[in-house]
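Close look at the chain arrangement
Residues per chain are reported as follows:
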Amino acid sequence: MDFLLNDIHTDLASTVAAIGEKAGGSSVARAWSEGDRAPGLNVYRQLAEAGITGLIVDDELGGSGAGATEMVVAAEQIGRIALPGPVAETLAAVPTALAAAGATDALESLLGGRPATIGTEATGFRAASPTDADVYLLRDGTLSSASIVAEHDSVDPTRTLADLAAQAELGAADAAAVADLAALATAAELIGLGSAMLDLASEYAKSRKQFGRAIGAYQAVKHHLADVAVAVEMARPLVWGAAVGLDGNAPDSSAVAVSRDISAAKVAAADAAYLASRRSLQVLGAIGYTAEHDLSLYLTKTRALVSAWGTPAQHRARILETL
């Protein structure tokens, strides 16, 4: 098996990165947390125009007809800018559910650039970031459009959670398949968050001086950041490998093996991103806590996504069940 990205994947990553950079990077998340969703919604529209929101949707349904491998490549780059809103839901969970249910009109809205979110058993039937998004509920194998009953704040100011009420039934969908795709997209997003935090801490370590030397010259700081680099680089192939299996291109692409690989990827990515958040905060010190510093955006989003679409404990339990 070849786990290396080809030119198509690297071009895709560059396209998504360019969209994020042109939009202003982490300033999009900052604006969203302050109540201005226009920059973030514009990013979703640009992603749709580039075919990113339809990567796992078949050509005949109006999508890009790519696969999970391309989806995780895009999700990692989206994580690097801490894009607010329902990223994993828009890229993975909702298109999977809508395609299965044959809800072509609703799918057209998503492919046209409107974010979408969904509540399933894996999320406690709550939906993330429902404002300015199409909202769905998947309960007992039935997908329905949904309305917001109550909205709750989370540790991430750009990611609220909502209790839902089912509206019109749209068709049948496999909740397990939806949750697996969403968990994989979340894992890729966490890799992007971890990489971005490592970059922030590394740049700070090069510029911040104590006792006449950049703090990055001290072994203790070097080891902290090296540990993060190792964790991220070890987790990324697990995410790619799970995507390859989901696309049916792995030696063992059985349902059990794919689910196990997705859980392993989610655990490793969550651990790596959480380590990156802790070590980055240690390097930057108290400034990293402040709302004015970009690191705070990454810290809160990482904390929220670590437990999104299955906690590490739940995914570890699923791995044990398949061994």
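Everything numeric in this text was worked out from a predicted model, so none of it was measured.

With their axes 10 Å apart at the nearest point, helix α7 (residues 175-207) and helix α10 (residues 294-306) run at an angle of 155 degrees to one another. If you check the angle between α7 and α10, you find them roughly antiparallel. Note on packing geometry: the crossing formed by α7 with α10 is left-handed. On the side of α7, the interface is formed by Thr186, Glu189, Leu190, Leu193, Ala196, Met197 and Leu200, while α10 contributes Asp294, Leu295, Tyr298, Leu299, Lys301, Thr302, Leu305 and Val306. A class-by-class count of the residues in the contact of α7 with α10 yields 10 nonpolar, 2 polar and 3 charged.

Take the side chain of His9 next. Checked against the element boundaries, His9 lands in helix α1 (residues 7-23). Using a relative accessible area of 9% as the deciding quantity, one classes His9 as buried. Sequence-distant contacts of His9, defined by excluding residues within four places in its chain, comprise Thr69, Glu70 and Val73.

What follows deals with the packing of aromatic side chains. Scanning all chains against the criterion turns up 0 aromatic pairs. Lying across the ring of Phe125, Arg139 places its NZ or CZ 4.0 Å from the centre.

Thresholds, definitions, all that
- Per-chain numbering applies: the sequence of each chain, read as written, is numbered from 1 onward.
- Confidence filtering applies because this is a predicted model: local features only for residues at pLDDT of at least 70, side-chain atom pairs given and counted only at 80 or more, and all residues used for totals across whole chains, interfaces and linings.
- To obtain the side-chain values, all non-hydrogen atoms of the structure were included, while hydrogens and water were left out.
- Between N-to-C directions, angles cover 0 to 180 degrees, with each direction set by a line fitted to C-alpha atoms, over the stretch in contact for helices.
- Secondary structure elements are taken from DSSP: a helix is a run of H or I of four residues or more, a strand is a run of E of two residues or more, and numbering for both begins at the N terminus.
- When describing relative orientation, an angle under 35 degrees is termed roughly parallel and one over 145 degrees roughly antiparallel, while 65 to 115 degrees is termed roughly perpendicular and anything else oblique.
- Here a crossing is called left-handed whenever its near helix is offset anticlockwise from the far helix by less than a right angle, and right-handed whenever the offset is clockwise.
- Whether two residues are in contact is decided by their heavy atoms, any of which lying within 4.5 Å being enough.
- Amino acids outside the nonpolar list (Ala, Val, Leu, Ile, Met, Phe, Trp, Tyr, Cys, Pro) and the charged list (Asp, Glu, Lys, Arg) are all regarded as polar, and Gly is one of them.
- Here's how the labels work: a residue is buried when its accessible area is under 20% of the maximum for its type, exposed when over 50%, partly exposed in between, all with a 1.4 Å probe on protein chains only.
- Working definition: a ring pair exists when centres of Phe, Tyr or Trp rings (six-membered ring for Trp) sit within 6.5 Å. Plane angles under 30 degrees give stacked, over 60 give edge-to-face, the rest tilted.
- Lysine and arginine charges are scored as sitting over a ring when NZ or CZ, respectively, is within 6 Å of the ring centre and within 35 degrees of the ring normal.

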